[in-house]
Amino acid sequence: MGCGSSFPDRDSRQLGRPSSENGGGQDARNLRVKLVLLGDSGVGKSCIVLRFVRGQFDATSKVTVGASFLSQTIALQDSTTVKFEIWDTAGQERYAALAPLYYRGAAVAVIVYDITSPESFSKAQYWVKELQKHGSPDIVMALVGNKADLQEKREVAVQDGTDYAEKNGMFFIETSAKTADNINELFEEIAKRLPRPSDS
């Protein structure tokens, strides 16, 4: 089964480090968060999700049709647990009209491009503009340059990603679904940036 296939929602593993403070997490807050991945076809969205949820990488990636759904829970050091309900959308142009169905009501958007493809970086910027117009006003957005293992083929500079993210109030990270570099860090950073429900 390739990275782009649809996966059943099962065998979610616990990531992160649950804290032993606050009475062993007795007062842990449990957040459920809708997360949508957007980006051009072939940038590795499904591979990022598969690596995060299953710890797997499949080089024989198949194209996602429509969208696929997975979930994964992580625990932060402040005893907050975050269950990500992840919608991985198809990148092909013919599915673009369906994307608003998935990002409507999403608390998090992860916009992915391929560091070897300037075209995919342009498409990422298109999705950022779409979310700014039509997404939730307080949505947490992450810009992700994937395929960081292909440094020798890089065509999008790290600084370009950093600058664009800063201008648009996003955070930026480069990942490699193939080597797992920065995959867990991406989702942990998103979790830290989520608004917390009031303790009162």
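Once a new chain begins, its residue numbering starts again from 1 and follows that chain's sequence as written. Only residues with pLDDT of at least 70 are given local features in this predicted model, and only at 80 or more are side-chain atom pairs given and counted; all residues enter the totals for whole chains, interfaces and linings. Side-chain numbers here rest on the full set of heavy atoms in the structure, without hydrogens or water.

**Remarks on unusual backbone geometry**
One can expect most non-glycine residues to show negative phi and most peptide bonds to be in trans. Rules: Starting at the N terminus, helices and strands are each numbered in turn, a helix being any DSSP run of H or I of at least four residues and a strand any DSSP run of E of at least two. Using a 1.4 Å probe on the protein chains alone, a residue whose accessible area is under 20% of its type maximum counts as buried, one over 50% counts as exposed, and one in between counts as partly exposed.
Although it is not a glycine, Lys147 sits at a positive phi angle of roughly 70°. Tracing the sequence through the fold places Lys147 in the loop between strand 6 (140-146) and helix 5 (158-167). Look at Lys147 and you get partly exposed, because its relative accessible area is 24%. A positive phi is found at Ala180, a non-glycine position, where the angle reads about 75°.

**Some details on the pattern of salt bridges**
How we decide: Whenever Lys or Arg places a side-chain nitrogen within 4 Å of a carboxyl oxygen from Asp or Glu, that contact is recorded as a salt bridge.
Counting across every chain of the model gives 6 salt bridges. Measuring nitrogen to oxygen at the nearest pair gives 3.4 Å for the salt bridge that ties Lys147 to Asp114. Note that Lys147 is positioned in the loop between strand 6 and helix 5 and Asp114 in strand 5 (residues 108-114), a separation of 33 residues in sequence. Between Lys133 and Glu130 there is a salt bridge, and its shortest N-O distance comes to 3.8 Å. Taken together, the residues Lys133 and Glu130, both in helix 4 (residues 118-134) and 3 residues apart, mark about one turn of the helix. The exposure class assigned to Glu130 is buried, which follows from its relative accessible area of 14%.

**A few points about the side chain of Ser120**
Basically, it comes down to this: Whenever a nitrogen or oxygen atom comes within 3.5 Å of another N or O atom, the pair is scored as a polar contact, on the condition that within protein one atom can donate a hydrogen and the other can accept it, and that pairs from neighbouring residues in sequence are kept only if both atoms are in side chains.
When you line up the elements, Ser120 lands in helix 4. Overall, Ser120 belongs to the buried group, its relative accessible area being 2%. Among the polar contacts made by the side chain of Ser120, one reaches the main-chain carbonyl oxygen of Ser117 at a distance of 2.8 Å.

**Structural notes on the packing of helix 2 (residues 45-54) against helix 6 (residues 183-193)**
Put simply, the rule is: Here an axis means a line fitted to C-alpha atoms, over the contact stretch when the element is a helix, while the angle between two N-to-C directions is reported on a 0 to 180 degree scale. Throughout, the term roughly parallel applies to angles under 35 degrees, roughly antiparallel to angles over 145, roughly perpendicular to angles from 65 to 115, and oblique to all others. Here, residues are in contact when the closest pair of their heavy atoms is within 4.5 Å. Here the nonpolar group is Ala, Val, Leu, Ile, Met, Phe, Trp, Tyr, Cys and Pro; Asp, Glu, Lys and Arg are the charged ones; every other residue, Gly included, is treated as polar.
As a packed pair, helix 2 and helix 6 sit with axes 9 Å apart at the nearest point and diverge in direction by 85°. Between helix 2 and helix 6, the interaxial angle falls into the category roughly perpendicular. Only Ile183, Asn184, Leu186 and Phe187 of helix 6 make contact with helix 2, whose side of the interface consists of Ile48, Arg51 and Phe52. When its residues are assigned to classes, the contact of helix 2 with helix 6 shows 5 nonpolar, 1 polar and 1 charged.

**Concerning the packing of aromatic side chains**
What counts, and what does not: Pairing of aromatic side chains here covers Phe, Tyr and the six-membered ring of Trp, requires ring centres within 6.5 Å, and sorts the geometry by plane angle: under 30 degrees stacked, over 60 edge-to-face, intermediate tilted.
Scanning the entire structure with this criterion turns up 7 aromatic pairs. Plain terms: the ring middles of Phe69 and Trp87 are 4.9 Å apart, the flat faces sit at 50° to each other, and that makes the pair tilted. Residue Phe69 is located in strand 3 (residues 67-75), and its partner Trp87 is located in strand 4 (residues 81-89); the two are separated by 18 residues in the primary sequence. Classification of Trp87 as partly exposed rests on a relative accessible area of 26%. Here a set of aromatic residues connected by ring pairs shows up, and it is made of Phe52, Phe84 and Phe187.

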